[in-house]
Amino acid sequence: MAHKLVIIIGSVRDGRFGPAVASWVAERAREHGGFEVEVVDLADVEIPLSLPAASPKYAGDSYPRPAGMGLLTSALESADAILVVTPEYNHSYPASLKAAIDWHFTQWTAKPVAFVSYGGAAGGRHAVLHLENVLTELHAVTIRDGLAFPNYFTAWDDGRPLDPQVGAYAKTLLDQLAWWAGALRAAREAEPYPA
């Protein structure tokens, strides 16, 4: 049974590289065979920085999200697994991604989240470390084996990474993500998560 995988493009910056990375990762996920893949580009989502007074944790379905956020909310709710594609900005991740996370809570709970990052020398690892802390607070399960692309501007050509071993790393990430997706979906179906 295929797991619903939502791939989120976290950057909305002009000229961003995220769509190229997300396209490549989505192709690997489809080839893997364990996933039904949906890509959500935050550039296409209405994500205000001002939040309602109530927490989405307690407001539940009555949380007043903008209509333009419906696609993202629906995708997160139906996801068995989530994969975040993020750059690193000033040793962290983009504000667009933080806002998208903060507008939700239960949609992340007891679901596995993997990371594919890109940047300069660190390949986006600082961004991922920060995301791991935030998503742990939302009771998500972060996957250890991610993909990082240091100096992506010289490490890719024609929409593909130049390192021939990256495909094997991607398979490891996707194998682990599929395992967690199945285990956590079964657990959620057996008993509600005690958040």
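That block above? That's the structure.
First, a word on what this report is: a plain description of the structure on this page. (Residues numbered from 1 in each chain as written. Predicted model: local features only at pLDDT ≥ 70, side-chain atom pairs only at ≥ 80, totals over all residues. Heavy atoms only, no water.)

### Quick look at the nonpolar core
Nonpolar side chains in soluble globular proteins tend to be buried together.
In step 1: Ranked by internal contacts, the top residues of the largest apolar core, which has 31 residues, are Ile 8, Leu 72 and Trp 108.
In step 2: In terms of residue count, helix 5 (residues 125-137) provides more of this core than any other element does, 5 residues in total.
In step 3: Every residue in contact with Trp 108, bar those within four places of it in the chain, is listed here: Ile 8, Leu 76, Ile 82, Ile 101, Val 113, Leu 135, Leu 138, His 139 and Ala 140.
In step 4: One finds Ile 7, Ile 9, Leu 147 and Leu 177 within the second-largest nonpolar core, a separate group that totals 28 residues. (Core = buried A, V, L, I, M, F, W, Y, C linked by side-chain atoms within 4.5 Å. Buried < 20%, exposed > 50% of the residue type's maximum accessible area, 1.4 Å probe, protein only. Helix = DSSP H or I, 4+ residues; strand = E, 2+ residues; numbered from the N terminus. Contact = heavy atoms within 4.5 Å.)

### Quick look at the packing of helix 4 (residues 95-102) against helix 5
In step 1: Following both chains from N to C, one finds helix 4 and helix 5 inclined at 10 degrees, their axes separated by 11 Å at the closest point. Classified by the angle between their axes, helix 4 and helix 5 sit roughly parallel to one another. Only Leu 131, Val 134 and Leu 135 of helix 5 make contact with helix 4, whose side of the interface consists of Leu 97, Lys 98 and Ile 101.
In step 2: Here the contact of helix 4 with helix 5 is built from residues that sort into 5 nonpolar, no polar and 1 charged. (Axes fitted to C-alpha atoms, helices over the stretch in contact; angles between N-to-C directions. Parallel < 35°, antiparallel > 145°, perpendicular 65-115°, else oblique. Nonpolar A, V, L, I, M, F, W, Y, C, P; charged D, E, K, R; others polar.)

### Remarks on the environment of Ala 81
In step 1: Within the secondary structure, Ala 81 is located in strand 3 (residues 81-87).
In step 2: Overall, the relative accessible area of 0% leaves Ala 81 in the buried class.
In step 3: For the pair Ala 81 and Ile 47, spaced 34 residues apart in the sequence, the C-alpha separation amounts to 21 Å.
In step 4: With residues up to four places along the chain from it excluded, the contact list for Ala 81 reads Lys 4, Leu 5, Val 6, Pro 112, Leu 177 and Ala 181.

### Brief notes about the pairing of strand 4 (residues 112-119)
In step 1: In terms of burial, strand 4 is a largely internal element, 8 of the 8 residues being buried.
In step 2: A two-sided burial pattern is seen for strand 4, the buried positions comprising Pro 112, Ala 114, Val 116 and Tyr 118 on one face and Val 113, Phe 115, Ser 117 and Gly 119 on the other.
In step 3: Handedness of the β-α-β unit built from strand 3, helix 4 and strand 4 comes out right-handed.
In step 4: The pairing of strand 4 with strand 6 (residues 147-150) spans 4 bridges and is classified as parallel. Within the sheet, the bridge partner assigned to Val 116 lies in strand 6 and is Leu 147. (Right-handed = clockwise from strand over helix to strand, strands pointing away. Pairing = 2+ DSSP bridges.)

### What to know about unusual backbone geometry
In step 1: Even without a glycine there, the phi angle at His 91 is positive, about 65 degrees.
In step 2: Here His 91 is to be found in the loop between strand 3 and helix 4.
In step 3: The residue Ala 110 is not glycine, and still its phi comes out positive at about 60 degrees.
In step 4: Inspection of the secondary structure puts Ala 110 in the loop between helix 4 and strand 4.
In step 5: The buried category is assigned to Ala 110, whose relative accessible area is 6%.

### Describing the packing of aromatic side chains
In step 1: Summed over all chains, the structure comprises 10 aromatic pairs.
In step 2: Here Tyr 118 and Tyr 152 contribute two aromatic rings whose centre-to-centre distance is 5.2 Å and whose plane-to-plane angle is 80 degrees, an arrangement assigned as edge-to-face. Here Tyr 118, found in strand 4, pairs with Tyr 152, found in helix 6 (residues 152-155); they are 34 residues apart in sequence, far enough to count as distant.
In step 3: Both rings, one in Phe 149 and one in Trp 156, keep their centres 5.0 Å apart while their planes meet at 70 degrees; by these two values the pair is edge-to-face. Each member of the pair, Phe 149 as well as Trp 156, is classed as buried.
In step 4: In this structure an aromatic cluster arises from ring pairing among Phe 17, Trp 24, Tyr 118, Phe 149, Tyr 152, Phe 153 and Trp 156. (Phe/Tyr/Trp six-rings, centres within 6.5 Å; stacked < 30°, edge-to-face > 60°.)

### Section: the side chain of Thr 109
In step 1: Positionally, Thr 109 belongs in the loop between helix 4 and strand 4.
In step 2: Relative accessible area serves as the criterion here: at 10%, Thr 109 is assigned to the buried category.
In step 3: Within the structure, the side chain of Thr 109 is placed 3.4 Å from the backbone oxygen of Phe 105, a separation counted as a polar contact.
In step 4: Discounting residues that sit within four places of it in the chain, Thr 109 has contacts with Leu 138, His 139, Arg 188 and Tyr 193. (Polar contact = N/O pair within 3.5 Å; in protein donor to acceptor, adjacent residues only side chain to side chain.)

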